[in-house]
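What follows is each chain in one-letter form.
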Amino acid sequence: METFYDRYNFPDGGEKRKDCWKKHLAKHLDFDSLKNKTVLDVGCGTGTMSKILYGAGADIYAIDLSRKSIESVNKAYPEIKAKVGDALHLDFPDNHFDIVISIGVLHHTPDTHKGFEECVRVTKSKGQCIIMLYSKWHYYPLIYKSFKLFRQNKKPEDMPRWFIKSIKRFTEFYYKEPRDDQDAVHLIADQLFTPIAKFHSEFEIKKYIREMECELISTSTTFLGQHKIYNLLKKKG
């Protein structure tokens, strides 16, 4: 996974994309109360979520398995405390952060449950944990699985030009900002070529939440229902 996302790190995007994601996060976070809160972004990629939360005054820590992604974050957003790290083995003490977020990451790990557990572990008692995962009951799992044989012999950049251009135009429409072909290739890589993609039902995630003595506060969906965001309150440390 590290090698894959070093080559195909998820594009950061501009202010329009950040505004789009801020609207999603605002369904679960009070941005007016983030000042001086300690926040960990697990699987930060190129720093989109970290930058949004830093803009609200939070003290942001970020980790990602991809060294190239962390290099990008350190270059573009030096105010964020970013380092290479493993979502399944977070190098932070128990009960350390006011808020932990992990947006579209744990479903790309070998053990989603372990990643979920680690996010909760480093969250303070009465702290907030926001995790976004692929939804099981959606057409996307079928599309991803249907590409299994294709993935074995092809690379994202081998996709037909018309397909790459179509993805580029769709993301421009969705985020209301210009994108380039490389962005489209990296998005195709993330969606169709990623080595690990797991899909979870709300029933399954609610079981995780009960096991970890958390309370589910709210949920929402993104990107045509492909993902579900779970907003948790950690009951005790």
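Going by the structure above, here's the rest.
Novice: Sorry, what's going on with the side chain of Thr171 here?
Specialist: Positionally, Thr171 belongs in helix 8 (residues 161–175). Judged by its relative accessible area of 7%, Thr171 falls in the buried class.

Novice: How do you make sense of the environment of Pro110 when you look at a structure like this?
Specialist: Relative to the helices and strands, Pro110 resides in the loop between strand 4 (97–103) and helix 5 (112–121). Along the backbone, Pro110 and Leu88 are 22 residues apart, and their C-alpha atoms lie at a distance of 8.7 Å. In this view, Pro110 contacts Leu88, Ile196 and Lys198; residues no more than four positions away in its chain are not counted.

Novice: I keep staring at the packing of aromatic side chains and nothing clicks. Help me out?
Specialist: Each aromatic ring pair is summarised here by two numbers: the centre-to-centre distance and the angle between the ring planes. The final tally for this structure, using the stated rule, is 19 aromatic pairs. Consider the rings of Phe150 and Phe193, whose centres lie 6.1 Å apart with planes at 65°: the pair is edge-to-face. Within this pair, whereas Phe150 is found in helix 7 (residues 148–153), its partner Phe193 is found in helix 9 (residues 181–193), the two being separated by 43 residues in sequence. Residue classification places Phe193 among the buried positions, given a relative accessible area of 7%. Centroid distance Tyr174 to Phe223: 5.0 Å. Interplanar angle 75°. Geometry classified as edge-to-face. Residue Tyr174 is found in helix 8, and its partner Phe223 is found in the loop between strand 6 (214–222) and strand 7 (227–234); the two are separated by 49 residues along the sequence. Judged by its relative accessible area of 23%, Tyr174 is partly exposed. Put simply, the rings of Tyr134, Tyr140, Tyr144 and Phe199 pair up and form one aromatic cluster. A cation sits over an aromatic face here: Lys176 above Phe173, 4.7 Å from the ring centre.

Novice: Can you walk me through the nonpolar core in this structure?
Specialist: Looking at soluble globular proteins, one finds that nonpolar side chains tend to be buried together. Leu25, Leu29, Leu53 and Ile103 are the most contacted members of the largest nonpolar core, which totals 26 residues. Excluding its chain neighbours within four sequence positions, the residues that come into contact with Leu25 are Phe31, Met49, Ile52, Leu53 and Ile103. Listed in part, the 23 residues of the second largest apolar core include Ala87, Cys119, Leu133 and Met212.

Novice: How should I be thinking about a nonpolar patch on the surface in this particular structure?
Specialist: Nonpolar side chains collect at one region of the surface, where Tyr139, Ile143, Phe170, Phe173 and Leu224 lie side by side and expose about 530 Å² of accessible area between them. Structurally, Phe170 is set in helix 8.

Novice: Looking at this model, I keep getting lost on the environment of Met212. Mind explaining?
Specialist: Considering the arrangement of structural elements, one finds Met212 in the loop between helix 10 (202–211) and strand 6. Met212 sits 23 residues away from Lys235 along the chain, and the two C-alpha atoms are 9.0 Å apart. Setting aside residues no more than four positions away along its own chain, Met212 makes contact with His113, Phe116, Glu117 and Val120.

Calculation criteria
Residues numbered from 1 in each chain as written. Predicted model: local features only at pLDDT ≥ 70, side-chain atom pairs only at ≥ 80, totals over all residues. Heavy atoms only, no water. Helix = DSSP H or I, 4+ residues; strand = E, 2+ residues; numbered from the N terminus. Buried < 20%, exposed > 50% of the residue type's maximum accessible area, 1.4 Å probe, protein only. Contact = heavy atoms within 4.5 Å. Phe/Tyr/Trp six-rings, centres within 6.5 Å; stacked < 30°, edge-to-face > 60°. Lys NZ or Arg CZ within 6 Å of the ring centre and 35° of its normal. Core = buried A, V, L, I, M, F, W, Y, C linked by side-chain atoms within 4.5 Å. Patch = residues over 30% accessible without salt bridge, like charges linked within 9 Å, V, L, I, M, F, W, Y side chains within 5 Å. Areas by Shrake-Rupley, 256 points an atom, 1.4 Å probe, with all protein chains shown as cover. Salt bridge = Lys/Arg side-chain N within 4 Å of Asp/Glu carboxyl O.

All we've got here are geometric facts, nothing functional implied.
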